[in-house]
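# Notes for the structure review
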Amino acid sequence: SRLEISKEWCTYIQNIDASNRTFYYQDAQDEIQGPFTRQELKNWRSQLPMDLPIMLQPEKIKAGSSVTLLAHLLEDEQLYNMWRMDVNDGSRDPENCGYCVSPTADEYQEEVNA
């Protein structure tokens, strides 16, 4: 299922104080994890996929949920967009295969720099 993410929502999320424990995510087992601070999520940047949906409420993701992606929260949008362009070679389509399919930002940065 495709997530709709507005620029306004991303801006709102990015302006939340980095030490505020308000961020949640839904893991691969559909369990809600959190709350976390932005700094905690940044510390796990090497372990979490760039397209991990981040929420402000501990609710399961469904149609109409207000989410942003970890890449947007941690200001890795440019890296995430580069990855999306790379995978749009027909091998898989990030628009239609759900979320949590991207590498971590650190993994992809290493690949780009190789």
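All of the points below concern the structure found in this document.

## Describing the overall build of the protein chain
From N to C terminus, the protein chain includes five helices and four strands. Secondary structure elements of the protein chain occur, N-terminal to C-terminal, as α-β-β-α-β-β-α-α-α. Taken across its 114 residues, the protein chain has 39% of its residues classed as buried. Taking as baseline every contact in the protein chain between residues at least 6 positions apart, the subset at least 24 positions apart corresponds to 56%. Roughly 6,800 Å² of accessible area belongs to the protein chain as shown, and the carbon and sulfur atoms make up 44% of that amount.

## Quick word on helix 4 (residues 77-87)
Listing the buried residues of helix 4 in full gives Leu79, Tyr80, Trp83 and Val87. Taken down its axis, helix 4 places every buried residue within 100 degrees of arc, on the same side. Seen from the open side of helix 4, the exposed residues pointing more than 90 degrees away from its buried face are Gln78 and Met85. Next to the buried residues of helix 4 lie strand 4 (68-69), helix 3 (70-73) and helix 5 (105-113).

## Comments concerning the pairing of strand 1 (residues 23-26)
Both faces of strand 1 are covered, namely the face carrying Phe23 and Tyr25 and the face carrying Tyr24 and Gln26. Pairing of strand 1 with strand 2 (residues 32-36), which is carried by three bridges, proceeds in the antiparallel orientation. Looking at the pairing, Tyr25 lines up with Gln33 of strand 2. Hairpin connection of strand 1 to strand 2: five residues between the antiparallel strands, including Asp30 at a positive phi of 65 degrees. With two bridges connecting them, strand 1 and strand 3 (residues 53-55) associate as antiparallel partners.

## A word on the environment of Asn20
Inspection of the secondary structure puts Asn20 in the loop between helix 1 (7-14) and strand 1. Beyond its immediate sequence surroundings of up to four residues, Asn20 is in contact with Phe36, Thr37 and Arg38.

Conventions we followed
- Residues numbered from 1 in each chain as written.
- Predicted model: local features only at pLDDT ≥ 70, side-chain atom pairs only at ≥ 80, totals over all residues.
- Heavy atoms only, no water.
- Helix = DSSP H or I, 4+ residues; strand = E, 2+ residues; numbered from the N terminus.
- Buried < 20%, exposed > 50% of the residue type's maximum accessible area, 1.4 Å probe, protein only.
- Contact = heavy atoms within 4.5 Å.
- Areas by Shrake-Rupley, 256 points an atom, 1.4 Å probe, with all protein chains shown as cover.
- Arc of directions from axis to C-beta.
- Pairing = 2+ DSSP bridges.

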